[in-house]
Amino acid sequence: MEFLKIPPKMYFHQMLSYFMTIALITLVTNCGAVIIPNLPQGNQYEYVQQGDLKIGFITNVHGPSENGGCSNSVSEGFVFYTEALKFAVDNINQNDSILPNITLGFVMLDNCMSSRIALGRAFSFLPQKNIEDDANDGKGNRSECVGQEKSYDIVGLLGPDWSSHAVMVASMYSIFDIPVLSNYATSDQLNDRNQYSSFLRLVSADSYQAKAMVSFINQYNWTYISLLYGEGGYG
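We now turn to the structure provided with this report.

Criteria and thresholds
Residues numbered from 1 in each chain as written. Predicted model: local features only at pLDDT ≥ 70, side-chain atom pairs only at ≥ 80, totals over all residues. Heavy atoms only, no water. Helix = DSSP H or I, 4+ residues; strand = E, 2+ residues; numbered from the N terminus. Buried < 20%, exposed > 50% of the residue type's maximum accessible area, 1.4 Å probe, protein only. Contact = heavy atoms within 4.5 Å. Polar contact = N/O pair within 3.5 Å; in protein donor to acceptor, adjacent residues only side chain to side chain. Core = buried A, V, L, I, M, F, W, Y, C linked by side-chain atoms within 4.5 Å. Pairing = 2+ DSSP bridges. Axes fitted to C-alpha atoms, helices over the stretch in contact; angles between N-to-C directions. Expected span 1.5 Å × (residues − 1). Phe/Tyr/Trp six-rings, centres within 6.5 Å; stacked < 30°, edge-to-face > 60°. Lys NZ or Arg CZ within 6 Å of the ring centre and 35° of its normal.

## Concerning the overall build of the protein
And then number 1: Of regular secondary structure, the protein possesses 5 helices and 8 strands.
And then number 2: Scanning the protein from its N terminus toward the C terminus, one meets helices and strands in the order α-β-β-β-β-α-β-α-β-α-β-β-α.
And then number 3: Taking all 235 residues of the protein together, the buried fraction comes to 41%.
And then number 4: Considering only residue pairs separated by 6 or more positions, the protein has 62% of its internal contacts joining residues 24 or more positions apart.

And the structure:
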């Protein structure tokens, strides 16, 4: 199958992730699509606008629950990102000079501020069209099976917002050459072009903030400072 061909110039850690991904897709499917248990389901966790080409979008709309799922609380700041995406897509579609004869759409999936859910949502956008012929209804639509996470064909991914989420998703997506563009992930770990070859961001890396703080400290001749940091790639 074309899907199982190893991409060229793959580094060892990428090859390991590649075969782990293939193993997961192969072992836990019953009709050519990934079945991921215990992911929050429902219209409140997704927003789909159809189009000839679709953009994937993983973001934090709801907050986390105590059991690792999604709570009923809504983060208004991240809701604005979804509204901004819809506004931009609608304006592009209304301008024939940008994408003539092509309609742009998007699929927003809520990761509820959870790295586990973010990674699960990321599987929804992996290329699966060559996995099983019977997973396709012959019209370009992927058939759905009981217990299966929905899957979508996209040309690129916006998000995830947080560095800890982006590190996992961008590493996996680089294997499949799916562009990932984050407007919020600032970890220097994502600077590694070997591991995150398809990752881009709209903000500066944290190292630039650190350089600015050091310059500030030197300018005012501070002799003592205290540092607080968190665990993970961002901290």
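Read on, since the account is not over.
## Focus: the side chain of Asn 60
And then number 1: Looking at the secondary structure, you find Asn 60 in the loop between strand S2 (53–59) and strand S3 (62–64).
And then number 2: The exposure class assigned to Asn 60 is buried, which follows from its relative accessible area of 0%.
And then number 3: One polar contact links the side chain of Asn 60 to the main-chain amide nitrogen of Met 113, over a distance of 3.0 Å.
And then number 4: Not counting residues up to four positions away in its chain, the partners in contact with Asn 60 are Ser 75, Phe 78, Asp 110, Asn 111, Cys 112, Met 113, Asp 161, Trp 162 and His 165.

## Topic: the nonpolar core
And then number 1: In this structure, Phe 125, Leu 126, Leu 157, Met 172, Tyr 173, Leu 190 and Phe 199 are the most contacted members of the largest nonpolar core, which totals 24 residues.
And then number 2: Secondary structure elements with two or more residues in this core: strand S5 (104–110) and helix H4 (163–175).
And then number 3: For this core, the element with the most residues is H4, which contributes 7 residues.
And then number 4: Setting aside its immediate chain neighbours within four residues, Leu 190 contacts Ala 166, Val 167, Ala 170, Ala 185, Tyr 196, Phe 199 and Arg 201.

## Focus: the sheet that holds S5
Strands in a sheet are paired, the pairing made by backbone hydrogen bonds, and the direction either parallel or antiparallel.
And then number 1: Here 6 strands make up an open sheet; going across it, the order is S1-S5-S2-S6-S7-S8 and the pairing mixed. Of all strands in the sheet, those with a lone pairing partner are strand S1 (46–49) and strand S8 (199–201), marking the two edges. On average, adjacent strands in this sheet sit at an angle of 20° to one another, irrespective of strand direction.

## Some details on helix H5 (residues 206–219)
And then number 1: Over its 14 residues, H5 extends 20 Å from the first C-alpha to the last, a length consistent with the 20 Å expected when each residue adds 1.5 Å.
And then number 2: Positive backbone phi, at 55°, marks Asn 221, one or two positions downstream of H5.

## Some points on the packing of aromatic side chains
And then number 1: According to the stated counting rule, one finds 7 aromatic pairs in the structure shown.
And then number 2: Ring plane angle 90° and centroid distance 5.3 Å describe the contact between Tyr 47 and Phe 106, whose orientation is recorded as edge-to-face. Of this pair, Tyr 47 sits in strand S1 while Phe 106 sits in strand S5, and the two are 59 residues apart along the sequence.
And then number 3: Ring plane angle 65° and centroid distance 6.3 Å describe the contact between Tyr 81 and Tyr 184, whose orientation is recorded as edge-to-face. Here Tyr 81, found in helix H2 (residues 76–93), pairs with Tyr 184, found in the loop between strand S7 (180–182) and S8; they are 103 residues apart in sequence, far enough to count as distant.
And then number 4: In textbook terms, an aromatic cluster arises when at least three aromatic residues are bridged by ring pairs, as seen for Phe 78, Tyr 81 and Tyr 184.
And then number 5: Lys 211 extends its terminal NZ or CZ atom over the ring of Tyr 208, reaching a point 5.5 Å from the ring centre.

## Observations concerning the environment of Pro 40
And then number 1: If you trace the backbone, Pro 40 turns up in the loop between helix H1 (12–27) and S1.
And then number 2: In this structure Pro 40 comes out as buried when scored by relative accessible area, which is 14%.
And then number 3: When the C-alpha atoms of Pro 40 and Ile 117 are compared, they prove to be 8.1 Å apart, with 77 residues separating the residues in sequence.
And then number 4: When sequence neighbours within four positions are dropped, the list of residues in contact with Pro 40 reads Tyr 45, Cys 70, Ile 117 and Arg 121.

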